[in-house]
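Chain by chain, the residues:
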Amino acid sequence: MFPVPTLPEILVAGQRAARGKRRSADVAGFMLDAERCALALARELEAGTWYPSQPRGFWIREPKPRLISALPFRDRVVQHLLVAATLPRIDRWSAPQSFACRAGFGTHRCLRAAAELARRHRWVLRLDIAKFFPSIDHAVLLGLLRRFTPDPWWAVTRRIVSAPAHVEPTMFRFPGDDLLTPLGRPRGLPIGNLTSQIWANMMLTPVDHLIGSHLGLGTFVRYCDDILVFDNDLGRLRAAWQAIEARCDALRLRLHPSKCRLHHTTESVAFLGFVLRRRGDAVIVRLRTENLRRFRARVRFMQQLYACGAIGPDDVDDRIRAWLAHARHGHTRTLCRRMLRDFAFSRSSLDDS
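Note that the structure is predicted; figures quoted are calculated from it, not measured.

### Topic: the pairing of strand 2 (residues 66-70)
Here's step 1: The buried fraction of strand 2 is high, at four of five residues.
Here's step 2: Direction of pairing for strand 1 (residues 56-60) relative to strand 2: antiparallel, over a ladder of five bridges. Each bridged residue has a counterpart across the sheet, and for phenylalanine 58 the counterpart in strand 2 is isoleucine 68.
Here's step 3: Counting the residues that bridge the hairpin from strand 1 to strand 2 gives five residues.

### Digging into the pattern of salt bridges
Here's step 1: Overall, the coordinates contain 16 salt bridges when judged by the stated rule.
Here's step 2: The shortest N-O distance in the salt bridge between glutamate 44 and arginine 74 comes to 3.1 Å. Remark: arginine 74 occurs in helix 4 (residues 73-93) and glutamate 44 occurs in helix 3 (residues 34-47); sequence separation between them is 30 residues.
Here's step 3: With a relative accessible area of 24%, glutamate 44 lands in the partly exposed category.
Here's step 4: According to the relative accessible area criterion, arginine 74 is partly exposed, its value standing at 26%.
Here's step 5: Where salt bridges share partners, they join Asp137, Asp177, Arg185 and Arg252 into one cluster.

### Quick notes on the pairing of strand 8 (residues 274-279)
Here's step 1: By the bridge criterion, three bridges tie strand 7 (residues 269-271) to strand 8 in an arrangement that is antiparallel. In the sheet register, phenylalanine 271 faces strand 8, and the bridge partner there is phenylalanine 274.
Here's step 2: Between strand 7 and strand 8, which pair antiparallel in sequence order, lie two residues; one of them, leucine 272, sits at a positive phi of approximately 55°.
Here's step 3: The sheet contact formed by strand 8 and strand 9 (residues 282-287) spans six bridges and is antiparallel. Directly across from valine 275, in strand 9, lies its bridge partner arginine 286.

### Side note on the nonpolar core
Here's step 1: In this structure, Phe132, Leu141, Trp199 and Leu253 are the most contacted members of the largest nonpolar core, which totals 63 residues.
Here's step 2: No other element matches the eight residues that helix 4 contributes to this core.
Here's step 3: Sequence-distant contacts of leucine 141, defined by excluding residues within four places in its chain, comprise Ile136, Val161, Leu189, Trp199, Met202 and Met203.
Here's step 4: In terms of nonpolar packing, the next biggest core, distinct from the first, is built from 35 residues, Phe274, Leu276, Leu305 and Phe343 among them.

### Some thoughts on the sheet that holds strand 5 (residues 226-231)
Here's step 1: One open sheet holds the four strands; their spatial order is 4-5-3-6, and the pairing between them is antiparallel. Unpaired on one side and paired on the other, strand 4 (220-223) and strand 6 (261-264) mark the two borders of the sheet. Averaged over all neighbouring strand pairs, the angle between strand axes comes to 20°, with direction disregarded.
Here's step 2: Here strand 3 (residues 123-128) pairs with strand 5 via six bridges, running antiparallel. Residue leucine 125 lies in a different strand from strand 5, and its bridge partner there is valine 229.
Here's step 3: Packed on one face of the sheet, helix 5 (residues 107-120) meets strand 4 and strand 5 and runs near 155° to strand 4.

### Digging into the packing of helix 2 (residues 25-32) against helix 3
Here's step 1: Interhelical geometry of helix 2 versus helix 3 gives an angle of 95° and a closest axis separation of 5 Å. By the angle between their axes, helix 2 is roughly perpendicular relative to helix 3. Seen from helix 2, the contacting residues are Phe30, Met31 and Leu32; seen from helix 3, they are Ala34, Cys37 and Ala38.
Here's step 2: Considering only residue class, the contact of helix 2 with helix 3 consists of six nonpolar, no polar and no charged.

### Describing the sheet that holds strand 7
Here's step 1: Spatial ordering of the open sheet is given by 7-8-9, a layout of three strands whose pairing is antiparallel. Each having just a single partner strand, strand 7 and strand 9 make up the two edges of the open sheet. The mean inter-strand angle of the sheet, taken between neighbouring strand axes irrespective of direction, is 30°.

### Here we look at empty space enclosed by the protein
Here's step 1: Across all of its chains, the model carries four cavities of 30 Å³ or more by this definition.
Here's step 2: Put simply, the largest cavity is a space of about 70 Å³.
Here's step 3: What lines the largest cavity is Ser135, Asp137, Thr170, Phe172, Phe174, Pro182, Arg185, Arg187 and Arg252.
Here's step 4: Looking at the lining of the largest cavity, its residues break down into three nonpolar, two polar and four charged.
Here's step 5: Residue lining of the second largest cavity: Leu87, Ile90, Asp91, Ser94, Cys101, Arg102, Ile198, Asn201 and Met202, and that is the complete set.
Here's step 6: Every element with two or more residues in the lining of the second largest cavity is listed here: helix 4 and helix 9 (194-203).

### Brief notes about a positive patch on the surface
Here's step 1: On the surface, Arg296, Arg300, Arg328, Arg333, Arg337, Arg338 and Arg341 cluster together into a positively charged patch.
Here's step 2: Among the elements of the structure, helix 12 (289-307) and helix 14 (333-342) are those that each provide at least two residues to the positive patch.
Here's step 3: Here arginine 296 is to be found in helix 12.

### Here's the deal with the layout of surface pockets
Here's step 1: The volume enclosed by the largest pocket comes to roughly 1,500 Å³.
Here's step 2: If you go around the largest pocket, you meet 39 residues; those closest to its centre are Pro63, Lys64, Arg66, Asp225 and Asp226.
Here's step 3: Those elements that place two or more of their residues in the lining of the largest pocket are strand 2, strand 3, helix 6 (132-135), strand 5, strand 7, helix 12 and helix 13 (313-327).
Here's step 4: Of all the elements, helix 12 adds the most residues to the lining of the largest pocket, at four residues.
Here's step 5: Each residue belonging to the lining of the largest pocket can be placed in one class, and the counts come to 19 nonpolar, seven polar and 13 charged.
Here's step 6: Looking at the second largest pocket, its volume works out to about 430 Å³.
Here's step 7: Ala17, Lys21, Leu71, Arg76 and Gly192 are, among the 22 residues lining the second largest pocket, the residues nearest its centre.
Here's step 8: For the lining of the second largest pocket, the elements supplying multiple residues, two or more each, are helix 1 (7-18), helix 2, strand 1, strand 2, helix 4 and helix 9.

The rules behind the values
Residues numbered from 1 in each chain as written. Predicted model: local features only at pLDDT ≥ 70, side-chain atom pairs only at ≥ 80, totals over all residues. Heavy atoms only, no water. Buried < 20%, exposed > 50% of the residue type's maximum accessible area, 1.4 Å probe, protein only. Helix = DSSP H or I, 4+ residues; strand = E, 2+ residues; numbered from the N terminus. Pairing = 2+ DSSP bridges. Salt bridge = Lys/Arg side-chain N within 4 Å of Asp/Glu carboxyl O. Core = buried A, V, L, I, M, F, W, Y, C linked by side-chain atoms within 4.5 Å. Contact = heavy atoms within 4.5 Å. Axes fitted to C-alpha atoms, helices over the stretch in contact; angles between N-to-C directions. Parallel < 35°, antiparallel > 145°, perpendicular 65-115°, else oblique. Nonpolar A, V, L, I, M, F, W, Y, C, P; charged D, E, K, R; others polar. 1 Å grid on protein atoms, 1.4 Å probe; cavity = no way out; pocket = protein on both sides within 12 Å on 5 of 7 lines; lining within 4 Å. Points joined across faces, edges and corners; volume = space filled by probe spheres on them. Patch = residues over 30% accessible without salt bridge, like charges linked within 9 Å, V, L, I, M, F, W, Y side chains within 5 Å. Areas by Shrake-Rupley, 256 points an atom, 1.4 Å probe, with all protein chains shown as cover. Lys, Arg positive; Asp, Glu negative; His and termini not counted. Charge placed at Lys NZ, Arg CZ, Asp CG, Glu CD.

So, in structure tokens, the structure goes:
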């Protein structure tokens, strides 16, 4: 018997799914008649008749081209319910060096941990997975998920994994594959789904345990598929690289051929939108140049919106403060002051008309 989520549980999941998206017609339609929609969803889950709907696909270009798969709102509510039922178990299995999609961790805490490790070590191995979300193998993913998913939620989990989605095509072959093996293995998680973020992060937990437990290199950090492993012994890092590549092959994931490399920590190492570089006993943390370029472009667009009255001072203030809060996690005080002096917002074009 499926443990039907209670009406309050579904309403709470709806509130979480609606954060930051309340202006959407899809979200507004659900929330205006939330109790009726929640009851209908509960009946479908209880009867086993709920199936994911067809998503909407679109491309984004910044920070790099990505194909996004956007689900209807009621499907996002189901995903929040599923995550609530499974995430505590997944989180207990996660390594402390994994910072993505976990309460109390996050991007900036990961950046601080990386900077501290860079300060104390001479070498860093930077690793990245090629086409990470599109190449996730469904059979491997379901094998990992089975141990964390309560039986009543298993059918829902399998339907979400195998549901139609907008995913970039990939064609990697691994040891033991023949010519047709990749064609017979469904793969790919859609970017933009809550479950995709949680499950993609979980896919590399076996790599975390390999590095920390089997290789004895607890001096690493991982944010989704971006990994930095630190040590003072270059030979240990080279051996770790080979072992990690073998484990990724077993998970049917491919290390990026050009983004994976060994650095001296006195060289610039890009990570999470910043650049780390050790100087003596300190580590300098700078914003990447392309991040500054994108922010300046966003500011120019905001200036145009402000000039024609499409946004107000509060909107401008909130957006700039949010970026400054992010930027100040690096050594950017002088940079932020200089950029703020260059920003000018006026309604002159509107007044002239």
